[in-house]
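Survey of secondary and tertiary structure
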There are 2 protein chains.
Amino acid sequence: MQNVPLTVPSMLEHAETYFSKKFVVSRTHSGIHRLSYAEIGQRTRRLASILNKLGVKKGDKVGTLAWNHHRHLEAYFGIPGMGGVLHTINIRLSPNHIAYIINHAEDRVLLIDPDIVPLVEKVRDELTTVKAFIIMTDDNELPQTTLFPVYHYEQLLSEGDSDFQFIKPDDENEPAGMCYTSATTGNPKGVVYSHRGIVLHTMALGLADSAAVSESDVTLAIVPMFHANAWGLPFASVWFGSTQVLPGPQFTPQLIAEMIEREKVTLTAGVPTIWLGLLRILEQGNYDTRSLRAILCGGSAAPKALIKAFETKHRIPFIHAYGMTETSPLVVLSRLKSYQHDFSDDEKLEIRAKQGYIVPGVEMKVVGKDGEIQWNGEEMGELLLRGPWIADEYYRDERSKDAFKDGWLHTGDVVTVDEEGAVKIVDRTKDVIKSGGEWISSVDLENALMAHEAVFEAAVVAVPHAKWQERPVACVVLKDAFKNKVSKEELLDFITPQFAKWWIPDDVIFMDEIPKNSVGKFLKRALRDQFKEWEEKQSS
Amino acid sequence: MQNVPLTVPSMLEHAETYFSKKFVVSRTHSGIHRLSYAEIGQRTRRLASILNKLGVKKGDKVGTLAWNHHRHLEAYFGIPGMGGVLHTINIRLSPNHIAYIINHAEDRVLLIDPDIVPLVEKVRDELTTVKAFIIMTDDNELPQTTLFPVYHYEQLLSEGDSDFQFIKPDDENEPAGMCYTSATTGNPKGVVYSHRGIVLHTMALGLADSAAVSESDVTLAIVPMFHANAWGLPFASVWFGSTQVLPGPQFTPQLIAEMIEREKVTLTAGVPTIWLGLLRILEQGNYDTRSLRAILCGGSAAPKALIKAFETKHRIPFIHAYGMTETSPLVVLSRLKSYQHDFSDDEKLEIRAKQGYIVPGVEMKVVGKDGEIQWNGEEMGELLLRGPWIADEYYRDERSKDAFKDGWLHTGDVVTVDEEGAVKIVDRTKDVIKSGGEWISSVDLENALMAHEAVFEAAVVAVPHAKWQERPVACVVLKDAFKNKVSKEELLDFITPQFAKWWIPDDVIFMDEIPKNSVGKFLKRALRDQFKEWEEKQSS
């Protein structure tokens, strides 16, 4: 067979050639822009040519700090299309972490949205490798800024070459992109995406039993383009010729509903919070969402009620999926098998609420306390992943050795697998409670506690225990109306029927608030610290 | 990204793990067999283990002479799954050619269907590399045969190891399969398929806008498994978990209709002749074909009337596709673009009757008399192809240099490309008529002539011409009822409105029969020879 490498710019060339009339609907700070793939192609070539002139060399990183819009899409192809590496920067990180990753990646040039300029100004003096700042503004003039040297994106493009020939690597394993993922402690960790990895992952998104991205689709990536390449949707939409709606900065659930209706969106992707917001809006307003053939939901587990509401009330298929920055990200996706279609609605919901099946091309292994687990939907183990779009290291990072061992990515996610092979995330390895050689899912206990009408929130953490190694203790915040009116015993009695006896927490500690991190997740580490002497205190 | 090679056995492992309950419906000489992918997996491992014991080494070729059934499917995975190369042999070739390709490929072992044993016996003495013959029979006893040493497939399997661990290459470019394609003159030419090529081609078959092979499909490959891997359908059905119907030896259109109805086939694939036969049967009998979501048609151009009959009368979407042994084979596939759906039925038929668009992952270039052609649906040129599932040579064959140049496969097919990028095959390079520096399609003229009620068949060939280099001359066979009743002028007048003046043949030569090759194609070479002095005869 011919030695033809899989490359990112080839995907755009395909769209320029076969989908030149299809277009991108891009929302920026000045409003809606419509650009055909022919125009996007020419603008991307201009971008690639000027990056060349700004001194970006093969293998150099170019950072983006931007929302989902057409200029960011041009960067997705223009940077790898001139030999550079597209480094999408999560603008929600702390300024410290942003400065760290720009320096650690050694970004040469930054492409910045106008409203993110102040953030970059804040860290400007710490940046050691950046040679130029390009502001992606709609305005004719650059905003006032202390950044220097600073360029106007459109002005640079007007000086660029719309016939620039993309530079494709001979070796498809060369880097095309990178993204940092936040760590529990310490600095974010960098993941490098190769041309090969991106192209194969894009193919996986086009498979009929995966996201089935198609020319007839109108896609809407709500998931930010700075989060694992917006789950690959911009690449897939380009390659397969979908009309692509990019929602721009600071959108609301209402705006999403309006865009779905106006642009007849068929496929959209985002985290559960987004869909909770959309659901509320759909219940208030009168939006036509019949064009939607699927909502793709990942990032964290979607509550069953959410899935049910979309599927039964709004007749919108809700596809639960799982992945991480390290996995490009799509690796697991929930679909009913053909012989499950005549199951009862409840049984189907049970399946749909799992994360689902490994996508073709990726392999998994689930390792519990005694080696590989039984696939019985009960036994728990850590999910290990292997495949051509799974990272093999963190970029120049000592922490690689903790996550990448024997050719497998150790995800840190604890899962069960049912007889059919469907994966269900039940916990994080660091949060699971190891009691007497068995594993207890903190998340399952929390969900059970939070189903009680009096409970506002609940976190279950391990405390050290002399006999059982670890035991679960529940930290519970009661709703205001129930403060001091519900006992520990009542809560434990409430959940007892659902679990084996030894799963039931040894204690319930009422508190006013559960400590959380910047994105609202429970800081269980802090709770474990707080209660590490719980056992001694019991006996004293 | 992890360095994980794309390999053929991984696809079967995926099916064993996630689709163990799905099954293969296999028709052999004794009847219908139903085997789950779990069983197919174990049997394939047994096969791989016994090939090992029979002395087949890494890189050795193992030939198959077999119809479409489960044992052939086991060979598809078992041979590459132990490091061997699956060599599917076209049993319709002449015995001479069959002996040639077995020796040329250096097959170590042959897997043979019982009804093909006599064919192999005929050439047995010429075979120089074969060390063992395995007969894939349902019977307990081997048939009477002069082949030696000869083995019983099922008996060997019973001695095999159902836990055999597949051997996967570290380098995905290693060969996994091969297939010979007949040449116009001389011996057949061998094409080697790599693990990488097969896996990427299989992914392409799963894309939503391609064949969209899915777990919910029931596939039926009518195209033989000895023709370019049955267009990859057995690989795709396994990887994506489709139920797979394999029609076995000597089937009839009636049998196909029965299988579609009984097994609720959703996707089937074959050449136009098959669909012409099925159409006739559907018009006679009362078959329920509503399960069919698509007929995939390739091998040669499908007549518009055929496409129309399936789509309008039987409401079965008919997907026209194009490929060749050298291209794995899928490279071009006809689909309407989303904005073409509200075209008139005639316009849509016009588009659907073209071969269609290049599949993502493959590139094309069309080179005419003055370099790359205009995409205007009129200019003609040779189709050149490039991509990771396109061959880069013929196996140990001097003729490679004619077809593989500058990294492109020169297909020998003359095409037009319309403004949308849709490819239409109009001729073979050797048959196109080069008149005054312009190209004339012999096929277009033939089709126009054959539309006349009096014409039974027509072949248009080039004759050498002093002024114009070449001119077209039509060879026409009239229907019996019209013999001697239709003039040359009448036929030319009939087609004149459809063509530019200089396209009209200079002569019509009536004959009793047009010479044909073994598969029924016009032997235009013989006609060109016969009429090479046509011009001189005109002036004399």
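Just above, that's the structure.
The rules behind each value
Residues numbered from 1 in each chain as written. Chains lettered and ligands numbered in written order. Predicted model: local features only at pLDDT ≥ 70, side-chain atom pairs only at ≥ 80, totals over all residues. Heavy atoms only, no water. Helix = DSSP H or I, 4+ residues; strand = E, 2+ residues; numbered from the N terminus. Rg over C-alpha atoms; globule rule 2.2 N^0.38 Å. Buried < 20%, exposed > 50% of the residue type's maximum accessible area, 1.4 Å probe, protein only. Contact = heavy atoms within 4.5 Å. Lys, Arg positive; Asp, Glu negative; His and termini not counted. Charge placed at Lys NZ, Arg CZ, Asp CG, Glu CD. Pairing = 2+ DSSP bridges. Axes fitted to C-alpha atoms, helices over the stretch in contact; angles between N-to-C directions. Buried area = accessible area lost by both parts, 1.4 Å probe. Salt bridge = Lys/Arg side-chain N within 4 Å of Asp/Glu carboxyl O. Least-squares fit on C-alpha atoms with pLDDT ≥ 70 in both.

Another point: the overall build of chain A. When its secondary structure is counted, chain A shows 17 helices and 27 strands. Taken over C-alpha atoms, the radius of gyration comes to 24 Å for chain A, in line with the 24 Å a tight globule of 540 residues would show. When its C-alpha atoms are laid out on the principal axes, chain A stretches across 75 × 55 × 55 Å. A buried classification covers 60% of the 540 residues belonging to chain A. At a minimum sequence separation of 6, the contacts of chain A that also span at least 24 residues come to 67%. The centroid of the 59 positive side-chain charges in chain A is displaced by 1 Å from the centroid of its 74 negative side-chain charges.

Residue and element names in this part refer to chain B. Across the sheet, 9 strands lie side by side as 2-1-11-10-12-13-14-15-16; this open sheet has mixed pairing. Each edge of the open sheet carries a strand with a single partner, namely strand 2 (31-36) and strand 16 (357-358). In the sheet, strand 12 (residues 267-270) pairs with strand 13 (residues 294-297) via 4 bridges, with the strands oriented parallel. Note on strand 13: the bridge partner recorded for Leu267 is Ala294. Of the strands in this sheet, strand 1 (23-28), strand 2 and strand 11 (243-246) touch helix 2 (residues 37-53), which is tilted by about 90° from strand 2. Of the strands in this sheet, strand 1, strand 2 and strand 11 are in contact with helix 3 (residues 70-78), which crosses strand 1 at around 125°.

Moving on, we come to the sheet that holds strand 7 (residues 150-152) of chain A. All names here are of chain A. Reading across from one edge, 7-6-5-3-4-8-9 is the order of the 7 strands in this open sheet, with mixed pairing throughout. Each having just a single partner strand, strand 7 and strand 9 (189-194) make up the two edges of the open sheet. Neighbouring strand axes in the sheet, compared pairwise and without regard to direction, differ in orientation by 25° on average. Note: strand 6 (residues 132-135) against strand 7, 3 bridges, orientation parallel. Note that in strand 7 the partner of Phe133 across the bridge is Val150. Relative to strand 8 (residues 175-181), helix 4 (residues 95-105) is tilted by about 150°, and along the sheet it contacts strand 3 (61-65), strand 4 (85-88), strand 5 (107-112) and strand 8.

Okay, unusual backbone geometry next. A cis amide bond, omega -10°, links Phe148 of chain A with the succeeding residue Pro149 of chain A. Locating Pro149 of chain A in the fold gives a position in the loop between strand 6 and strand 7. Across the junction of Ser328 of chain A and Pro329 of chain A, the peptide omega takes the value 5°, indicating a cis bond. With a phi close to 45°, Ala228 of chain B is a non-glycine residue in the positive phi region. Its place among the elements puts Ala228 of chain B in the loop between strand 10 (218-221) and helix 8 (233-240). Phi at Asn484 of chain B takes a positive value of approximately 65°, unusual for a residue other than glycine. When you line up the elements, Asn484 of chain B lands in the loop between strand 26 (469-478) and helix 15 (488-495). The exposure class of Asn484 of chain B is exposed, given its relative accessible area of 78%.

This brings us to the interface of chain B and chain A. Accessible area lost during the coming together of the parts is what is often quoted as the interface size. Every contact between the two is made by 58 residues of chain B and, on the other side, 58 residues of chain A. Together, the buried faces of chain B and chain A total about 4400 Å²; carbon and sulfur atoms form 57% of this surface. If you sort the residues of chain B by the area they bury against chain A, Met1, Gln2 and Tyr18 of chain B come out on top, with a joint share of 22%. Our enumeration of links across chain B and chain A arrives at 4 salt bridges.

Turning chain B through 180° and shifting it by 0.0 Å along the axis lays it on chain A, with an RMSD of 0.1 Å. The superposition of one copy onto the other is thereby described by a two-fold rotation axis. A share of 100% of interface residues in chain B that are also interface residues in chain A marks the association as one of identical surfaces.

Attention now goes to the pairing of strand 15 (residues 330-333) of chain A. All names here are of chain A. In the sheet, strand 14 (residues 318-323) pairs with strand 15 via 3 bridges, with the strands oriented antiparallel. By the bridge assignment, Gly323 is partnered in strand 15 with Leu330. The antiparallel hairpin formed by strand 14 and strand 15 contains 6 residues in its connecting segment, where Ser328 sits at a positive phi of about 85°. Where strand 15 lies against strand 16 (residues 357-358), 2 bridges are found, and the strand directions are antiparallel. Considered in strand 16, the bridge of Leu333 is made with Tyr357.

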